[in-house]
Amino acid sequence: MSDAGAHRALPGLTFPEEHLKRLARDLTVKFAGVFGAETIERYVLESYVSLLRTSKVKAYVVTNTIRFATDRLTALAQAKGAIEHPVPEVLFVCEQNAGRSQMAAVLTNALSGGAVHVRSAGSAPPPELNPQVVAVMAEIGLDFSEAFPKPLTDDVVQAADVVITMGCGDACPIYPGKQYQDWALTDPADLPLDEVRVISDQIKDRVEHLLETLSPKDKQA
């Protein structure tokens, strides 16, 4: 499938990290026939720069860029119909992607048993996850070791069947044929553990209801 109209590479494109150059080569092989090398290079660099802006620890940026760029390209390929869309895709969006949307994503993944694919993002992500949220999820056996705040990008919205927002205003673009919901939930930022536990329980209840309403037709973008 042609990637005409996708992100175009700038002349003289260079990579600030050797790891990024290797990542771009690997992704060019992975997405051969779907995207050209220029598009992949652009996505890798954009992903790296967007994470670098908010990261406190540069050592983690390249590792997270691998996950972020790969997921963005996968989402774009799904939206284009170049990759199968076998299960419903749910996107959770909040302002920071450090608390509510992360809890919703990890709970949905656990409760669905793989019957739903989940992404999460934020309109203004901070450098790290809310430590109270991480602690509350650990109490119920859910691991956040590979999670990190990610900026909201158009490609993950395009790939989603259901988009659930949590106080992120008008940051999320609207596309026809998708189901949009807004969950009015308190932001756990700066709240004590007991109050974060209450929010976690509220999210769990909403996720359970969401999973009951999803049907095979929801996987059709």
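Residues numbered from 1 in each chain as written. Predicted model: local features only at pLDDT ≥ 70, side-chain atom pairs only at ≥ 80, totals over all residues. Heavy atoms only, no water.

*Asks:* Looking at this model, I keep getting lost on the side chain of Lys 178. Mind explaining?
*Replies:* You can see Lys 178 is positioned in the loop between strand E3 (162-166) and strand E4 (179-182). Buried and without a salt bridge, Lys 178 has Asp 161 as its closest oppositely charged side chain, separated by 5.6 Å. Among the polar contacts listed, one links the side chain of Lys 178 to the backbone oxygen of Gln 158, at a separation of 2.6 Å. If we skip the residues at most four places from it in the chain, Lys 178 touches Val 157, Gln 158, Ala 159, Ala 160 and Asp 161. (Helix = DSSP H or I, 4+ residues; strand = E, 2+ residues; numbered from the N terminus. Buried < 20%, exposed > 50% of the residue type's maximum accessible area, 1.4 Å probe, protein only. Lys, Arg positive; Asp, Glu negative; His and termini not counted. Salt bridge = Lys/Arg side-chain N within 4 Å of Asp/Glu carboxyl O. Polar contact = N/O pair within 3.5 Å; in protein donor to acceptor, adjacent residues only side chain to side chain. Contact = heavy atoms within 4.5 Å.)

*Asks:* Just checking my understanding: could you explain the nonpolar core for this structure?
*Replies:* What tends to happen in soluble globular proteins is that the nonpolar side chains get buried as a cluster. Residues Phe 92, Met 137 and Trp 183 are the most contacted members of the largest nonpolar core, which totals 28 residues. At the level of secondary structure, the elements contributing two or more residues to this core comprise strand E1 (89-94), helix H4 (100-112), helix H5 (131-139), E3 and helix H7 (193-213). Non-local contacts of Met 137, meaning those with residues more than four positions away in its chain, are made with Met 103, Val 106, Leu 107, Leu 142, Phe 144 and Ser 200. Core analysis: the second largest hydrophobic core is formed by 20 residues, Leu 27, Val 34, Leu 51 and Leu 73 among them. (Core = buried A, V, L, I, M, F, W, Y, C linked by side-chain atoms within 4.5 Å.)

*Asks:* Please clarify how the side chain of Gln 102 should be interpreted in this entry.
*Replies:* Of note, Gln 102 is situated in helix H4. Non-local contacts of Gln 102, meaning those with residues more than four positions away in its chain, are made with Asn 97, Ser 120, Leu 129, Phe 144, Ala 147, Phe 148, Pro 149 and Lys 150.

*Asks:* Could you clarify how one ought to interpret the packing of aromatic side chains in this entry?
*Replies:* The geometry of an aromatic ring pair is captured by the separation of the ring centres together with the interplanar angle, meaning the angle of the planes. Scanning the entire structure with this criterion turns up 2 aromatic pairs. Ring plane angle 50° and centroid distance 5.9 Å describe the contact between Phe 31 and Phe 35, whose orientation is recorded as tilted. Neither residue differs from the other here; Phe 31 and Phe 35 are each classed as buried. Each ring, one from Phe 92 and one from Trp 183, has its centre 5.7 Å from the other, and the planes form 55°; the classification is tilted. In this pair, Phe 92 sits in strand E1 while Trp 183 sits in the loop between E4 and H7, placing the two residues 91 residues apart along the sequence. For the residue pair Phe 92 and Trp 183, the accessibility class agrees, reading buried in each case. Across from the ring centre of Phe 68, 5.6 Å away, lies the NZ or CZ of Arg 72, which sits over that ring. The ring centre of Phe 148 lies 5.2 Å from the NZ or CZ of Lys 150, which sits over that ring. (Phe/Tyr/Trp six-rings, centres within 6.5 Å; stacked < 30°, edge-to-face > 60°. Lys NZ or Arg CZ within 6 Å of the ring centre and 35° of its normal.)

*Asks:* Help me out: how do you make sense of the environment of Ala 77 in this one?
*Replies:* Among the structural elements, Ala 77 can be located in helix H3 (residues 58-80). Between the alpha carbons of Ala 77 and Val 34 there is a distance of 7.1 Å; along the sequence they are 43 residues apart. Excluding anything up to four places from it in sequence, Ala 77 contacts Phe 31, Val 34, Phe 35, Ala 82 and Ile 83.

*Asks:* In this structure, what is going on with the pairing of E1? I would like to understand it.
*Replies:* Walk down a regular strand and you will see the side chains alternate between the two sheet faces. Within E1, 6 of the 6 residues are buried, leaving the element largely enclosed by the surrounding structure. Summarising the sheet, E1 and strand E2 (residues 117-122) pair through 6 bridges and their orientation is parallel. The partner of Val 93 across the bridge, within E2, is Ala 121. The handedness of the E1 to E2 crossover, carried by H4, is right-handed. The pairing of E1 with E3 spans 5 bridges and is parallel. If you follow Val 90 over to E3, its bridge partner there is Val 162. (Pairing = 2+ DSSP bridges. Right-handed = clockwise from strand over helix to strand, strands pointing away.)

*Asks:* How should helix H1 (residues 18-30) be read in this particular structure?
*Replies:* Given 3.6 residues per helical turn, the α-helix brings residues three or four places apart onto the same face. In this model H1 runs 19 Å from its N-terminal to its C-terminal C-alpha over 13 residues, within 8% of the 18 Å that 1.5 Å per residue would give. Among all positions in H1, only Leu 20, Leu 23, Ala 24 and Leu 27 are buried. Down the axis, H1 shows its buried residues gathered within 100° of arc, on one side only. Along H1, exposed side chains directed more than 90 degrees from the buried face belong to Asp 26 and Val 29. On its buried face, H1 is in contact with helix H2 (37-52) and H3. (Expected span 1.5 Å × (residues − 1). Arc of directions from axis to C-beta.)

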